[in-house]
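# A closer look at the structure
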Amino acid sequence: MMNKIPNRQVICETLAELARDDRDIMVLASDSRGSAAMAPFAKEFPDQFVEVGIAEQNIVGISAGLAHSGKKPFVTSPACFLSMRSIEQIKVDVAYSGTNVKLVGISGGVSYGALGMSHHSVQDIAVARAIPGLAVVLPADRHETKRMTEALVKHEGGVYVRIGRNPVEDSYGSDEECEFVLGQAVTMRDGADLTIIAAGETVRVALDAHEALKEAGVSCRVINMHTIKPLDEEAVLRAAGETGHIITVEEHSIHGGLGAAVAEVVVQHKPVPMRIVGIPDEPAIAGKTSEVFEHYGISANNLKRLALELLGK
Amino acid sequence: MNNSELKAKAIQIRMDLLRMIHGARTGHTGGSLSNTDILTALYYRIMRIDSARPKWDERDRFIASKGHSVESLWCILADLGFFPKEELATFSQFGTRLIGHPNNKVPGIEMNTGALGHGLAISVGMALSAKRDGKAYRVYCLMGDGEQAEGSVWEAAMAGAHYGLDNLVGIVDRNRLQISGSTEEVMGLDPLDEKWAAFGWNVISLDGNDIDELVAALERVPAIPGKPTLIMANTVKGKGVSFAENVPHWHHHVPSDEELAKALAELTEAAERLKQQEGQVR
């Protein structure tokens, strides 16, 4: 059955659960409490909630000041604005000053499908990844989002998280089945012939490709690279060494994202044939996430086709 | 420190920073000279700080939003014992922590600043945190006047008033010059007092190179409960060195050997004059 709970709601519920015992947890919104699904948190914890209005530079600066004073701020703001409008505050006030700010980019990727490039965030991973000391995380589904949120409350340091707007089909069977350790990739399916590395919403696509390939007699490993930075290089190198072929798939530009991060490791230490699947270097086409994914080949069918091609079958 | 001691201290800090900039062959001389009196009043009289406990929870916070004028700050922190004074000789040299902007690897520095338009938002966060936790510390944020062209300053100004942060003090070093020339020619700011007042701040306009006026105003804060305070500190860029005053290229001009000697002589003379005045008063 299709999951109906979006990841943003899970973040709100998890933070609310923890905020009852941890008065330092704070949530900030830039007129985004509705789209971030944070209205219940704002209502229940008015002293732990800060509204800044439509001012993304301000939300990051204020959060840095709160973090410096011992708070654990979670900034919830649309990924397209948070990762671009306030990137200098992220670079200087969070990463450089070393403040414990969690930046949650909501409605990321092509979630705002028909609203155009101004509202798409498919360069955010590239930008965030270039900032020293900033971790970059994309949770796969609601279960991983819960585990991630719990882990991030305990983690000291700046993190950029990107989630989508709509509910994502589960990749894990339950919260219990999912263990989240920052920087530690999860092998979702083992395989010997090739590896598909995915992050965020594309993990589900990779899992579907695994099934399609199984039917075609191909043994495909699936890695959930929820932390794109710091990248689990060991998992990448093991995949390269043991399966000899790698495909990456992401809801992001093919430039500078997950594929680039993996390629940087592969090309220097264990060159193997690779393909990078994502959004091409153009303003993305309008449509629902599923339609846009299909259009750009972020689909089980296309991954299967590419895999067979890569394996010479 | 009483006011006359503060005045003497400001002269000493000016001499220290000129020597430091001359030694390093780099620095923002004009802006550091213009804000020296403000920083002297804050660090030696107004702020509750303790160099032995730079991270003391109840300390007042200072954010140098105009981070490029860090030279006066380095000299003051060294003078107060936050780090050894000999370290000033490493200013801007290879591998130093005393770089050309505030660096929080140095005791006494809260945040890394230097990109303009960031400091006030950070200060709002700190002041808001104090309010929510019922803590008594204050937050002082020094901004440049050229910096006022950054839109993010006004985002933070709105938030400071919206949350009624009367524990927050913004100070504008209004020396009317920026790197390309007069602030009013580059991008007009006047009436700057009225802009801040319209944003909901209690504005106090004063002579920012006058220790007596600075101390009197800062000791009255918060003059209006529920409102953040904005001190419009009308200053002279290059203050204290006659041939640097109001000269745009002294923004980051490094004094030559001859200029340094002349400047130090002027400041020594000013210190002597101050002593004589004090003698007459007594």
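Residues numbered from 1 in each chain as written. Chains lettered and ligands numbered in written order. Predicted model: local features only at pLDDT ≥ 70, side-chain atom pairs only at ≥ 80, totals over all residues.

Further remarks concern the overall build of chain A. A tally of helices and strands in chain A yields 12 helices and 12 strands. Structurally, chain A occupies a C-alpha span of about 60 × 40 × 40 Å along its principal axes. Per-residue burial over chain A gives 57% buried out of 313 residues. For chain A, the share of sequence-separated contacts (at least 6 apart) that also reach a separation of at least 24 residues comes to 79%. (Helix = DSSP H or I, 4+ residues; strand = E, 2+ residues; numbered from the N terminus. Buried ≥ 20, exposed ≤ 12 C-beta atoms within 10 Å, placed from the backbone. Contact = placed C-beta atoms within 7 Å.)

Attention shifts here to the overall build of chain B. Each helix and strand counted, chain B has nine helices and seven strands in total. Against the globule reference of 19 Å for 282 residues, chain B gives a C-alpha radius of gyration of 18 Å, in line with a compact fold. Once the C-alpha set of chain B is aligned to its principal axes, its extents read approximately 50 × 50 × 45 Å. Evaluated residue by residue, chain B yields a buried proportion of 52% over its 282 residues. The contacts of chain B with a sequence gap of at least 6 include a subset with a gap of at least 24, amounting to 77%. (Rg over C-alpha atoms; globule rule 2.2 N^0.38 Å.)

The subject of this paragraph is the interface of chain B and chain A. Taken together, the contact between chain B and chain A spans 20 residues of the former and 21 residues of the latter. At the level of secondary structure, the elements contributing two or more residues to the side of chain B that touches chain A comprise helix H4 (119-133) and helix H5 (151-162) of chain B. A per-element tally of the side of chain B that touches chain A places H4(B) first, with 10 residues. Its residues placed into classes, the side of chain B that touches chain A shows 10 nonpolar, seven polar and three charged. (Nonpolar A, V, L, I, M, F, W, Y, C, P; charged D, E, K, R; others polar.)

What follows deals with the pairing of strand S4 (residues 102-106) of chain A. All names here are of chain A. With five of five residues buried, S4 lies mostly within the body of the structure. Sheet analysis places S4 next to strand S6 (residues 159-162), joined by four bridges and oriented parallel. Among the inter-strand pairings, Gly105 is bridged to a residue of S6, identified as Arg162. (Pairing = 2+ DSSP bridges.)

All right, on to the nonpolar core then. Grouped together as the largest cluster of nonpolar side chains are 172 residues, with contacts concentrated most on Ile62(A), Ile196(A), Ala198(A), Ala206(A), Val124(B) and Ile171(B). If sequence neighbours within four positions are ignored, Ala198(A) has contacts with Val203(A), Val205(A), Ala206(A), Val222(A), Asn224(A), Met225(A) and Val249(A). (Core = buried A, V, L, I, M, F, W, Y, C linked by C-beta atoms within 7 Å.)

What follows concerns the confidence of the model for chain B. With 99% of its residues at a pLDDT of at least 70, chain B reaches an overall mean of 96. Interface confidence for the predicted complex, expressed as ipTM, amounts to 0.96; the pTM equals 0.96. (pLDDT = per-residue confidence, 0-100.)

Residue and element names in this part refer to chain A. Tracing the sequence through the fold places Asp22 in the loop between helix H1 (7-19) and strand S1 (25-29). Of the residues examined, Asp22 has 14 C-beta atoms within 10 Å and is grouped as partly exposed. Separated by 58 residues in the primary sequence, Asp22 and Cys80 place their C-alpha atoms 30 Å from one another.

With that out of the way, let us pick up the pairing of strand S11 (residues 246-253) of chain A. Residue and element names in this part refer to chain A. Burial runs high along S11: eight of the eight residues are buried. Both strand S8 (residues 194-198) and S11 contribute to a ladder of four bridges, which runs parallel. In the strand pairing of S11, Thr195 is matched with Ile246. Summarising the sheet, S11 and strand S12 (residues 274-279) pair through five bridges and their orientation is parallel. Of the residues in S12, the one forming a bridge with Val249 is Val277. Read from S11 through helix H10 (residues 258-269) to S12, the crossover connection turns out right-handed. (Right-handed = clockwise from strand over helix to strand, strands pointing away.)

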